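Topology and contacts: notes
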Amino acid sequence: MLNNINLSGLSEYANEVKQNNVQGKASYGVILNWESGTKTTVSTKNMILGEHKLVRDFNFIIDEPTQLLGVNCAPNPAEYLLGGLAGCMAVTFMAGATAMNIEVEQLKLEIDGELDLQGFLGINTDVEVGFPALNFIFHVKGNGSQEQYDALMKRVSKHSPNFNTIKNEVKMIGILAV
Amino acid sequence: MMNKNYQNIEDKRDDGSVWINDLGRKRESGPKLLDSRYANFGDGTKSVHAGQYDDPQTGALGTPIFQCSTFFLNSTSYEAIKEGRGRDEMIYSRYGNPSQWSVQEKLSSLENAESSIVFTSGMAAISSTLLAILDKGSHVVSSRDIYGGTYNFLYEDLDRFNMSVTFTSPTDIKEIEAAINENTKVLYFEALTNPLLKIAPIKELVALGKKYNLRVIIDNTFLTPYNVKMLDLGVDLVVNSATKYLNGHSDLIGGTVSGSRKLVDRIWPQLLKNGGSMDPHACFLLERSLKTFALRMKAHNSNALALATYLEKHPKIKRVYYPGLKSHDQHELAKEQLKGKNSGMISFEIEGGDKNAHQLLKNLKLPKEATSLGGVESLISLPHNTSQASLTKEQQKTIGINDGLIRLSVGVEDIEDLILDFNQSIFNIFNN
């Protein structure tokens, strides 16, 4: 299989969704539990893909560095956010590269951003609380052409779900359960 | 044959203007050598003709035995491997072989399935199917009455994969629903249980599957697609021990799974990892045996009804379990679900317990005292020391395996001969 991606399976799935849009519906969720201090654990909720359950038996720990009052036992929320973004962009890039028949030897993706914690701390209400900008670099080695890689970068910004969740305005609907 | 490319996207690849929605390959039934489903024909015709590959080179009638482990590679096979569609090409016999495809197409025709796989045993089919469909952390609801080999796999091995199982009654839909939890992924039941011939309520199981977004997998070994086509009832996957009725001659070990191409394609990589592809010679035997499948099943069904009726009237037989008898606990469901095709299996309890049961097996001249079932010859055994031997006495009692219980797979001998044989054998127990 090229890049260890089953292109036939991808094609068959895409055509299944074309015929029956429900098969493209994927529900996601996580449950976070506060452990202590800045440490939390996250478990993934089961998904429904199309009409069937996928059991998602995974969990991970989140913490903060000691300088930010944590015990530094795991990546922090901002790093998970950037990791989730990079992972999604990489999947999108690789699926597209495989469809273009590009053999990729190496893909490395760097994302960098700077937070001004004055916003979090409430010191200055004029600063942006979240990342005002994110810089990313795709390091690619493979047999694709510059033209193909340029097209893939555009495709990533167009088709990566996490990229678009961060780039676009997302309705945030919260309720309190006490 | 499958399309060899993605239909007009090759020229778009170079300038990068292709995306996933441009990919053209769709799922098709198979894999197959030619279209030979006989979809609109009856089971007798399907049994004889479906899947058969008459050799175009020599004109030889009937599927040849492709006894080879490997195939010449060429640009088409390399392309298939690269694109992940190796299941539709001849590469290596563990992946696929014309003898396998031929018998798989016959089975798909009989099951009304898009796709089937043949395995080296029923347990290979069952274990690969479950491992392919279950995710890490998944839970299965199954039945306490299930075949011992399947029970052992579910009970002893699932937790190694961080999976779990709850065993329930195979008939009580409320108990089955109550066992479904957040991580339940599969309802796994036998259509007709061994040895007490309890009937799994298939339509209700399928409705539960839809309600909770689960997959329903049914082992249909005791009924076969001749008696009930499980996929027509909405079941996701049907498995069979081909060793039994499908082959029918007690000379082969095999297993099958059938269902949508989408799901069976997910089982195929598990087969590659677990091993268990059926050998070409065994495929030939199975495909040839299946030519008489419908004929045999007719005879099994009618002989079993006649013998069950005879045994129920016999004063020395305490109880007969057979779905075709009015005395069966689920006779109404049997009428609806089995539609008069009640299988060739009978269980019954003889007066005097296991001692007389053993004596009966010794006295009988026609049925062979052996485990297994579904052969042309009648086979008879005591479940407590064969198929259900892995259960404790207490567990055996819980599912209703009483002292003196005998399981009979009624063969296709003349029914008059079978009844005479049982008559003399029972008479000799109580009059000597």
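Residues numbered from 1 in each chain as written. Chains lettered and ligands numbered in written order. Predicted model: local features only at pLDDT ≥ 70, side-chain atom pairs only at ≥ 80, totals over all residues.

**Structural notes on the pairing of strand β6 (residues 237–241) of chain B**
Residue and element names in this part refer to chain B. We count it as follows: Buried means a residue has 20 or more other C-beta atoms within 10 Å of its own C-beta, exposed means 12 or fewer, and partly exposed covers the counts in between; C-beta atoms are placed from the backbone. Elements are defined by DSSP. Helices are runs of H or I of four residues or more, strands are runs of E of two residues or more, and each kind is numbered from the N terminus. Any two strands are treated as partners once DSSP identifies two or more bridges connecting them.
Where burial is concerned, most of β6 is hidden: five out of the five residues are buried. Where burial is concerned, the two faces of β6 agree: the one with Leu237, Val239 and Ser241 and the one with Val238 and Asn240 are both buried. As judged from the three bridges shared by strand β5 (residues 215–219) and β6, these two strands associate in the parallel manner. Across the sheet, isoleucine 217 pairs through a bridge with leucine 237, a residue of β6. Bridge count for β6 against strand β7 (residues 255–259) is five bridges, and the pairing is antiparallel. Within β7, the residue paired with valine 239 across the bridge is valine 257.

**Observations concerning the domain arrangement of chain B**
Residue and element names in this part refer to chain B. In plain terms, the rule: Here the bounds of each domain stem from an automatic or database domain assignment. Note on contacts: residues are paired as contacts if their backbone-placed C-beta atoms lie within 7 Å. Each residue receives one of three labels: charged for Asp, Glu, Lys and Arg, nonpolar for Ala, Val, Leu, Ile, Met, Phe, Trp, Tyr, Cys and Pro, and polar for the others, Gly being one of them.
Domain annotation for chain B reports domain 1 (10–290) and domain 2 (293–430). On a C-alpha basis, the centres of domain 1 and domain 2 stand 29 Å from each other. In this complex, domain 1 contributes 33 residues to the contact, which on the side of domain 2 involves 34 residues. Elements that contribute at least two residues to the side of domain 1 that touches domain 2 include exactly α2 (43–49), α6 (148–157) and α9 (224–227). Within the side of domain 1 that touches domain 2, the residues separate by chemical class into 16 nonpolar, twelve polar and five charged.

**Looking at the sheet that holds strand β10 (residues 368–369) of chain B**
Residue and element names in this part refer to chain B. Rules: Fitted lines through C-alpha atoms give the axes, limited to the stretch in contact for helices. The angle between two N-to-C directions lies from 0 to 180 degrees.
Read from one edge of the open sheet, five strands run β8-β9-β12-β11-β10, paired in mixed fashion. With partners counted over all chains shown, the strands left at the sheet margins are β8 (317–321) and β10, one partner each. Bridge analysis of β8 against strand β9 (residues 345–350) gives four bridges, and the strand direction is antiparallel. Bridged to isoleucine 317 within β9 is isoleucine 350. Packing against the sheet, helix α12 (residues 293–313) makes contact with β8 and β9, and its axis sits at approximately 15 degrees to β9. Each of β9, β10, β11 (379–381) and β12 (405–409) touches helix α14 (residues 353–363); the most contacted strand, β9, lies at about 125 degrees to it.

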